[in-house]
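So you can see what is in the structure, the chains are spelled out below.
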Amino acid sequence: MKINMLKSHIFWRIFLVLFSIIVFLIAFVFVSSSVILPKISQNQFKEMTDLAVERLSDQVEMVVENSTAISESSQHNKDLLSGNYLKLNQELKKLINTSPFFDGGAITDETGNVLVSKYLNLYSYQNIEFNEQNTMYFSNVLTKAFESAQSILLLSIPIYNEENVLMRTLHLSIHLDEQGLFQSMFKDLNIGVNSYAYIIDSSGKLIAHPRKDMLGEDVTDNPAVQALVGKESGYMHLTNEFGIEMYSSYQYIPGLNWGVVAQVPVETTYIGMYEFHKSLWLLTSIIIILLTILAALHATLTIKPLRKLYEGVDQVAKGNYRTYIENIRRNDEVGQISSRFNEMIASIQTARKEVKEKEASLNTQKEFLRQIIEKSPNAIYIMDWEGRYRLANKAYAELLGTTPEEVIGKTDAEFKLNEEDVRLYLSINREVIEQKEERYISEAAVWDCYGNKHYMQVHKLPIINEDGTCNTVLCFATNITERILNEEKIKFFASHDSLTKLPNRHMFKQCLEQEIELASEDESHVAVLFMDLDRFKYVNDNFGHSMGDKLLQAVSTRLRESLDERDIISRLGGDEFTVILPVIDDKQQVANIASKLIHALAQPYKIDGQSFVTTTSIGISMYPQDGEDVDCLIKNADTAMYQAKNQGKNTYRFYHPEMNSMLSNKYKLEAYMRDALVNNEFHLHYQPKMDTYSRKISGFEALLRWEQAELGMVAPAEFIPIAEESGMILEIGEWVLEQACRQNKKWQDIGFPPVKISVNLSVLQIKHSDIVKTVHEVLDKTGLDPIWLELEITETAIMENKRGIVRTLKLLKKIGVSIAIDDFGTGYSSLNYLKRFPVDTLKIDRSFIQDLLMEQQDTVIATAVISMANKLGLSVVAEGVETEEQFQYLHDLHCGEVQGYLISPPIPVDQVNSLLEEERLYYKSQTVNSLG
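Below or above, wherever it landed, is the structure these notes cover. Quantities reported herein were computed from a predicted structural model and do not represent experimental measurements. (Residues numbered from 1 in each chain as written. Predicted model: local features only at pLDDT ≥ 70, side-chain atom pairs only at ≥ 80, totals over all residues. Heavy atoms only, no water.)

A closer look at empty space enclosed by the protein
Which entries qualify depends on this criterion: A pocket, in this scheme, is an open set of points on a 1 Å grid over the protein atoms alone with protein on both sides within 12 Å along at least 5 of 7 lines, while a cavity is a set where a 1.4 Å probe fits but cannot get out; residues line either one if an atom lies within 4 Å of a point. Grid points are joined across faces, edges and corners, and a volume is the space filled by probe spheres set on the points. Here a strand is any run of E in DSSP of at least two residues, a helix any run of H or I of at least four, and the numbering for each starts at the N terminus.
Counted according to the given criterion, the structure contains one cavity of 30 Å³ or more. Considering only enclosed or pocket space, the largest cavity measures out at about 100 Å³ in volume. In terms of lining, the largest cavity is formed by 13 residues, of which the most central are Tyr 381, Asp 412, Tyr 425, Met 456 and Lys 460. Among the elements of the structure, β12 (379-384), α10 (419-435), β14 (439-447) and β15 (453-464) are those that each provide at least two residues to the lining of the largest cavity.

Structure representation (structure tokens):
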């Protein structure tokens, strides 16, 4: 009886509980499916419509890409500008056939007239816009004027000529009514029953639609289309043009101003729910039947295993658990088992909870430590006794140019460290492990996988295990590469020239001092070369300091290429370079090196398309004979360099003691010269010129003379270069010009017939003073007519400054003075420049006249110059005529004037007055004509 009651109790309990659960679940599923399934269907259809929109958008973008390619190729197709209509037709056909998207086309001229067409009659369509945009353009939907069913899209591509003038317009058409491009887009779209997609233009008209009869229609009453016209993209719930509720995805296509729309009926999303509910009722009936059967079977089978189940649970409570019991009443036998089982579960859960809490805490600590190591900006790594990496964070791996995984397990030797550093770092690591003490390395070097060197500050700490042993070392490293490189850069530029990267003056003196000490120990010689570039100031003044800097860099490069590695080159500043030649055997060895440098630096330089030629003057001093300390050797080499410049430049000179006295004399002359004008020590001599036809005096050249109170007469060859170098030539030259003009006007006022007076101009007067203004002021002050003044400029000065001097000479010519080129033949001027210069007279240099009739080359040159000048309409003056034979030969060559000791040496003013009294001056017909 008890068994039957227990059985009945169990059965109904199980049945009622399970039945309640089933009913609750079914009701929950029914309600949930009513809410969730439509939502899921809606999301599925949204994804389907989004996918359809994306696919259609991709198809349209393919049209754009193909159109862009056709537009770019058309811009370079000269045949599209041809006037041959047959060729135009062929090109149009070729363009249509090369594209899978276009099925017709036409070419119009700049006024819109159709030149050729194929499968397209432009004039049969209305609302065509022949736009004047300078890029390709897609039209909106175009329909025929009398047949709206015929709709097209039109791509217009402007074609320009080389002057960027619109010459043609290429029109390519897409017939929307054909089963072509857009209709084929819908074939593969699968977005459900009664669902569809379409494409609209910027005005809201249909470009593509599954129903062909809808093409070209205005569908702007659709909210999605309205959004697209407003250039928006998105998803919405709307009522379409047929009054049906739809879910719609829409996407705006920039550039074309088109839009793509896909729509799914709202009703479609509930079909799945209805079908699911039908299946749910059938399933519920089956479950209830099975539940009844299972409950009866379970109740029948439960009574027998209860005692065994109790014993099993009892074993589990003692620690030997094998089963799991739940949902049993406590006042019966099964309840006793459940009580014991719950005690066991409670103890197990408590233990497991403690274990999990410890594991979670440990994992948290591990993760925290891992993130600290991984995200630390400093390099962190661990190495063992064998020198292998056991851990490396990202910062350290990046320093080596690799990843942490590639570092772990490798040694320093595998990362391009030299053997010495590998042994050193391994030794330090082992000391840290053995002694269990920290070590600090202020500067350690490592190389990355690309061969770049990096510097670190490393702090090494021993990792001590719980048992007190230590077999690994933890390293914290800070990257100090940038600081080290900056320090090295600062040290470098403190001792090197920033432009040429050569040692500077300070570094040069240190190196020279070291070489002197070594030479003193070895009883050897050291040579110091002091170099100064010739004509460098000309490059700076005429081409700018930037070009001058590039020239200095090129010079430093040639110096390195021309000298040995042991030779020391430096730049003292400006255009001055010095060279130390250690371990020298004799002067001839130094002379050979100096000659080599002069030859190398004299070769033309090609810089930014410009060609430059600059030479160098070199002064040489030798240790120990020319000095035993740094300053003395440099000073004496500098003195020798100035001697080289004074002797013609582009050469070298060894120092000898007499140079100091010569230099001292130069400075003495410069000091005396500063007081010469104030003390009236300057005066002028005049050398007459003679007309070769009449043998009459035709003019005078004013020549400067200096009689110093202490030194007596000083030769012009001595003081003129000093005056130019010091800049005093500007003041002296203005004085000479005024005195010569004043004296010439005085001769005219006395009653002598007027003659031209010639005055020499220095290069500095032309370049560094307002010579035009000066001549104006002197002529105004003295009252001399400009036609009686001739300014002489050396050919060398003209050729060195030909870019800037032409304008100055033209301004002087406007005043009315004459221009003569002095020393012609020595400056290598070309006939082209001679033609451009506004000159009146050529003065043949005395070097071509003194050996006239004896040296064939001089005779040929003089003959050629006179002939050329006569053909160019220039006057010719031959300088240095000393014999009657020379005079007669020049007369026969039609040389107009001569000057030299045959006629008269330079004479003072009083002798000129006597000469003018004795002889009536001859006026050349050219001068008379100019006056008349």
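Points about the sheet that holds strand β7 (residues 196-200)
How we decide: For two strands to be treated as a pair, DSSP must find no fewer than two bridges joining them. Inter-axis angles, ranging from 0 to 180 degrees, are taken between N-to-C directions of lines fitted to C-alpha atoms, where helices are fitted over the stretch in contact.
Overall, antiparallel pairing links the five strands, which are arranged β8-β7-β11-β10-β9 in an open sheet. Taken across any chain shown, the strands that pair with only one partner, and hence form the sheet edges, are β8 (206-208) and β9 (234-239). Geometrically, the sheet is characterised by an average inter-axis angle of 35° between neighbouring strands, direction not taken into account. Both β7 and β8 contribute to a ladder of two bridges, which runs antiparallel. The residue of β8 that forms the bridge with Ile 199 is Ala 208.

A closer look at a positive patch on the surface
Our working rule: Grouping into patches uses exposed residues only, defined as over 30% relative accessible area, and leaves out salt-bridged ones; the cut-off is 9 Å for like charges and 5 Å for nonpolar side chains (Val, Leu, Ile, Met, Phe, Trp, Tyr). Using a 1.4 Å probe, the Shrake-Rupley method yields the accessible areas, and only the shown protein chains count as cover for residues. Within this document, salt bridges are pairs made up of a side-chain nitrogen of Lys or Arg and a carboxyl oxygen of Asp or Glu, the two lying within 4 Å of each other. Within this scheme the basic residues Lys and Arg register as positive and the acidic residues Asp and Glu register as negative, but His and the chain ends are omitted. Every charge is mapped to an atom, namely NZ of Lys, CZ of Arg, CG of Asp or CD of Glu.
On the surface, a cluster of positive charge is made up of Arg 807, Lys 810, Lys 814 and Arg 836. For the positive patch, the element with the highest residue contribution is helix α23 (residues 802-815), accounting for three residues. Relative to the elements of secondary structure, Arg 807 occurs in helix α23.

Structural notes on the pairing of strand β27 (residues 756-760)
Inspection of the sheet shows strand β25 (residues 697-708) paired to β27 by four bridges, in the parallel sense. Paired with Phe 700 across the strands is Ile 757, a residue of β27. As paired strands, β27 and strand β28 (residues 789-794) are joined by four bridges and run parallel to one another. Residue pairing in the sheet places Ser 758 in a bridge with Glu 790 of β28.

A short note on the environment of Asn 113
Just so we agree on the cut-off: In what follows, residue pairs with any heavy atoms lying within 4.5 Å of each other are defined as contacts. Pairs of N or O atoms are called polar contacts if they sit within 3.5 Å, as long as, within protein, a hydrogen donor faces a hydrogen acceptor (for residues adjacent in sequence, only side-chain-to-side-chain pairs).
If you trace the backbone, Asn 113 turns up in the loop between β1 (104-109) and β2 (114-118). Here the alpha-carbon distance between Asn 113 and Thr 169, two residues 56 residues apart in the chain, equals 9.7 Å. Excluding residues that lie within four positions of it along the chain, Asn 113 makes contacts with Ile 107, Thr 108 and Tyr 123. Within polar-contact distance, the side chain of Asn 113 engages the side chain of Thr 111 at 2.9 Å.

Description of the packing of aromatic side chains
Test applied: Here is the rule: rings of Phe, Tyr and Trp (six-membered ring for Trp) pair when centre to centre is within 6.5 Å. Planes less than 30 degrees apart are stacked, more than 60 are edge-to-face, and the remainder are tilted. For every residue, the accessible area (1.4 Å probe, protein chains only) is compared with the maximum for its type, and the residue is labelled buried under 20%, exposed over 50%, or partly exposed between those bounds. Counting as a charge over the ring demands two things of the Lys NZ or Arg CZ atom: a distance within 6 Å of the ring centre and an angle within 35 degrees of the ring normal.
Under the counting rule described, the total for this entry stands at eight aromatic pairs. Considering the side-chain rings of Tyr 652 and Phe 654, the 6.0 Å spacing of their centres and the 85° angle between planes classify their relative orientation as edge-to-face. When its relative accessible area of 22% is taken as the criterion, Tyr 652 is described as partly exposed. A network of ring pairs unites the aromatic residues Phe 682, Trp 706, Phe 719 and Trp 735 as a single cluster. Sitting over the ring of Tyr 605, Arg 558 keeps its end group 3.7 Å from the ring centre.

Observations concerning the pattern of salt bridges
Scanning the model with the defined rule gives 18 salt bridges in all. Where Glu 406 meets Lys 410, a salt bridge forms, and the shortest distance between an N and an O atom there is 3.6 Å. We classify Lys 410 as partly exposed; its relative accessible area is 27%. Put simply, Glu 431 and Arg 439 hold a salt bridge, and the shortest N to O gap is 2.5 Å. A relative accessible area of 31% means that Arg 439 is categorised as partly exposed. Each of the salt bridges in this network shares a partner with another, and the network as a whole consists of Glu 701, Glu 792, Lys 843 and Glu 879.

A closer look at unusual backbone geometry
A cis amide bond, omega 10°, links Tyr 623 with the succeeding residue Pro 624. Here Lys 436, not a glycine, exhibits a phi torsion of approximately 55°, which is positive. Looking at the secondary structure, you find Lys 436 in the loop between α10 and β14. The backbone phi angle of Asn 650 is positive, close to 50°, even though this residue is not glycine. Its location among the elements puts Asn 650 in the loop between α16 (630-646) and β23 (652-654).

Description of the sheet that holds β14
Strand order in the open sheet formed by five strands is β13-β12-β16-β15-β14, with antiparallel pairing between adjacent strands. This sheet does not close on itself; its edge strands, each paired only once, are β13 (389-392) and β14. Going from strand to strand, the sheet's axes swing by 30° on average, the running direction of each strand aside. Contacts from α10 reach β12, β14, β15 and β16 (470-479) within the one sheet, and its direction differs from that of β14 by about 150°.

A few points about a negative patch on the surface
Together, Glu 513, Glu 517, Glu 521, Asp 522 and Glu 523 make up a region of like negative charge exposed at the surface. Position of Glu 513 among the secondary structure elements: in helix α12 (residues 505-522).

Things to note about the nonpolar core
Which entries qualify depends on this criterion: Definition used in this section: a nonpolar core is a set of buried Ala, Val, Leu, Ile, Met, Phe, Trp, Tyr and Cys residues joined via side-chain atoms within 4.5 Å.
In this structure, Val 775, Leu 789 and Leu 791 are the most contacted members of the largest nonpolar core, which totals 76 residues. Apart from residues lying up to four places away in sequence, Leu 789 is in contact with Leu 737, Cys 741, Ile 757, Val 759, Val 775, Leu 779, Leu 784, Val 817 and Ser 818. Ranked by size, the runner-up nonpolar core spans 34 residues in total, among them Leu 533, Val 555, Leu 563 and Val 590.

A short note on the packing of α12 against α16
The criterion, for reference: Should an angle fall under 35 degrees it is called roughly parallel, over 145 degrees roughly antiparallel, and 65 to 115 degrees roughly perpendicular, with every other angle called oblique. It is the rotation of the near helix from the far one that decides the hand of a crossing: anticlockwise by less than a right angle makes it left-handed, clockwise makes it right-handed. Throughout this entry, Asp, Glu, Lys and Arg are counted as charged residues, while Ala, Val, Leu, Ile, Met, Phe, Trp, Tyr, Cys and Pro are counted as nonpolar. The remaining residues, Gly among them, count as polar.
Direction vectors running N to C along α12 and α16 enclose 110°, while the axes themselves pass 9 Å from each other. With respect to each other, α12 and α16 are oriented roughly perpendicular. By crossing handedness, the relation of α12 to α16 is classed as right-handed. Contact residues: α12 offers Phe 508, Lys 509, Leu 512, Glu 513 and Ile 516, while α16 offers Val 630, Asp 631, Leu 633 and Ile 634. Split by residue class, the contact of α12 with α16 holds six nonpolar, no polar and three charged.

A word on the pairing of β16
In this structure, β12 lies alongside β16, joined through six bridges in antiparallel fashion. Within the sheet, the bridge partner assigned to Met 383 lies in β16 and is Val 473. Note that β15 and β16 share nine bridges and pair antiparallel. Each bridged residue has a counterpart across the sheet, and for Pro 462 the counterpart in β16 is Val 473.

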